[in-house]
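Single-letter residue listing:
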Amino acid sequence: MKKRTRLVAIILILALVVTAVPTGIALLGGGGGITSEQREAALSESSELAAASWMSAIPDGTRITSLTIPGTHDSATAHITPGYFLQCQKLGFSDQLYAGFRYLDIRLALDEAKDGTTSLKFIHAFGNCRKSGSLFSGTLHLDDVLPQVYQFLSENPTETVIFMVKDEGGDDDPAKFEQAFFDYLDDDAEMWYTQNEIPAIGDVRGRIVLATRFEDVNGEGEDRMGLTTHWSQQENKDIIDDPQEVTAINDNAQLYVQDRFKYGVSDKWAAFAQSMKECQAGDVVLSLNFLSTSGSGSAGHPKAYAKQLDSQLLNTDLESGRSLGVMIVDFGEEALARHIFAQNFK
């Protein structure tokens, strides 16, 4: 009976893999992804700047929302099972930062041990993120990652990192989650900017800018919660005229988000391109424009979509003279990060 159950499970997984092959993936021109020529051209953009310290060339008075910033979606998923459906990155946190990415998408859940201790682990949907690619690798926790970010900022004090934190555990006790997160933060409080006001880069060099997507159920207050960013799950598959959602960060600042993660490749590119064209990013507007998608099918394969979408972005001449906000990608690499942050210097 057990053998039959295993066989049925294998058949179901294979069926999911087959049905998950992205539909319409050739609509953007082939499935080869980023070419060596594209990569070489992108790496030559702003080649005088090191990817690890590109913010050093930004004037201190510039608001971080007035920059064009490369970011990664589901940043912790370089090692996750099943990778076919859930992996969204190939680089770990340190490598992402050294490649030039300055926005990290942090999806956490409570991890309560039998002895009563509580920690926060990285997850994506139903999968736990892991420390490495080894079959015996342990679960990736927040205290595995924060030292990497602190070390990067110590070695590159001209930089800042936006840390967008979401409680991804559907069954989490919100109060316990919030307390657990701030326990981590308080261990190195001097490394964090936690006010709900958009900072100038000169005020946050060498520090993490906290942005939160969870409710303040414990009453920490605006001086602790960072940039408060709340938006609805944009999981509809219907194509709408305006793909962006607009909400308030505070009384003076707004948040624009395009995260249509159930669109097919061509529709996703159209939503991203429209949001880029209509981008309102500036001193009082934070714009988050996601290029990532899990597709419009019953199960997704982010890597296949990212090959097409990342290549399309590298083929796009980014408009100069204004901020294009935070561009958030799957399977980010230095060529893509450099193509995005080079727009600041055109």
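Below: a short report on this structure.

What counts, and where the lines are drawn
- Residues numbered from 1 in each chain as written.
- Predicted model: local features only at pLDDT ≥ 70, side-chain atom pairs only at ≥ 80, totals over all residues.
- Heavy atoms only, no water.
- Phe/Tyr/Trp six-rings, centres within 6.5 Å; stacked < 30°, edge-to-face > 60°.
- Helix = DSSP H or I, 4+ residues; strand = E, 2+ residues; numbered from the N terminus.
- Buried < 20%, exposed > 50% of the residue type's maximum accessible area, 1.4 Å probe, protein only.
- Core = buried A, V, L, I, M, F, W, Y, C linked by side-chain atoms within 4.5 Å.
- Contact = heavy atoms within 4.5 Å.
- Pairing = 2+ DSSP bridges.
- Lys, Arg positive; Asp, Glu negative; His and termini not counted.
- Salt bridge = Lys/Arg side-chain N within 4 Å of Asp/Glu carboxyl O.
- Polar contact = N/O pair within 3.5 Å; in protein donor to acceptor, adjacent residues only side chain to side chain.

**Focus: the packing of aromatic side chains**
Counting across every chain of the model gives eleven aromatic pairs. Each ring, one from Trp54 and one from Phe341, has its centre 4.9 Å from the other, and the planes form 0°; the classification is stacked. With Trp54 in the loop between α2 (36-44) and β1 (69-72) and Phe341 in helix α9 (residues 334-341), this residue pair connects regions lying 287 residues apart in the sequence. Ring centres of Phe177 and Phe214 lie 5.3 Å apart, and the angle between their planes is 75°; this geometry places the pair in the edge-to-face category. Residue Phe177 is located in helix α6 (residues 174-187), and its partner Phe214 is located in the loop between β7 (207-212) and β8 (227-228); the two are separated by 37 residues in the primary sequence. Judged by relative accessible area, which is 1%, Phe177 ranks as buried.

**Points about the nonpolar core**
Counting 38 residues, the largest nonpolar core has Phe122, Phe163, Phe181 and Trp192 as its most contacted members. When residues of this core are traced back to their parent elements, those giving at least two are α3 (83-86), α4 (93-99), β2 (103-112), β3 (118-124), α5 (142-155), β5 (160-167), α6 and β7. The dominant element in this core, judged by the number of residues it contributes, is α5, at seven residues. Residue contacts for Phe122: discarding those within four places in its chain leaves Ala76, Phe93, Ile106, Arg107, Leu108, Asn128, Cys129, Leu140, His141, Leu142 and Val145. Counting 29 residues, the second-largest nonpolar core is a separate cluster that includes Tyr103, Trp231, Val257 and Phe290.

**Digging into the pairing of strand β10 (residues 254-258)**
β10 sits mainly inside the fold: four of its five residues count as buried. As paired elements, strand β9 (residues 245-248) and β10 share four bridges and run antiparallel to each other. Residue pairing in the sheet places Glu245 in a bridge with Val257 of β10. Connecting β9 to the next strand, β10, in antiparallel fashion are five residues.

**Considerations on the side chain of Asp172**
As for its position among the elements, Asp172 is in the loop between β5 and α6. Here Asp172 occupies a buried position and makes no salt bridge, while the nearest side chain of opposite charge, Lys121, is found at 7.9 Å. At 3.1 Å, the side chain of Asp172 and the backbone nitrogen of Leu110 are in polar contact. Contact partners of Asp172, with chain neighbours within four places excluded, come to Leu108, Ala109, Leu110, Asp167 and Phe177.

**Describing the pattern of salt bridges**
Here the structure, examined in full by the defined rule, presents 13 salt bridges. A salt bridge links Arg102 to Glu159, with the nearest nitrogen and oxygen atoms 3.0 Å apart. In this pair, Arg102 is assigned in the loop between α4 and β2 and Glu159 in the loop between α5 and β5, connecting sequence segments 57 residues apart. For Arg107, the salt bridge identified is with Asp105, shortest N-O distance 2.8 Å. Asp105 carries the same exposure label as Arg107, and that label is buried. Taken together, the salt bridges that share partners define one network made up of Asp105, Arg107, Lys166 and Glu168.

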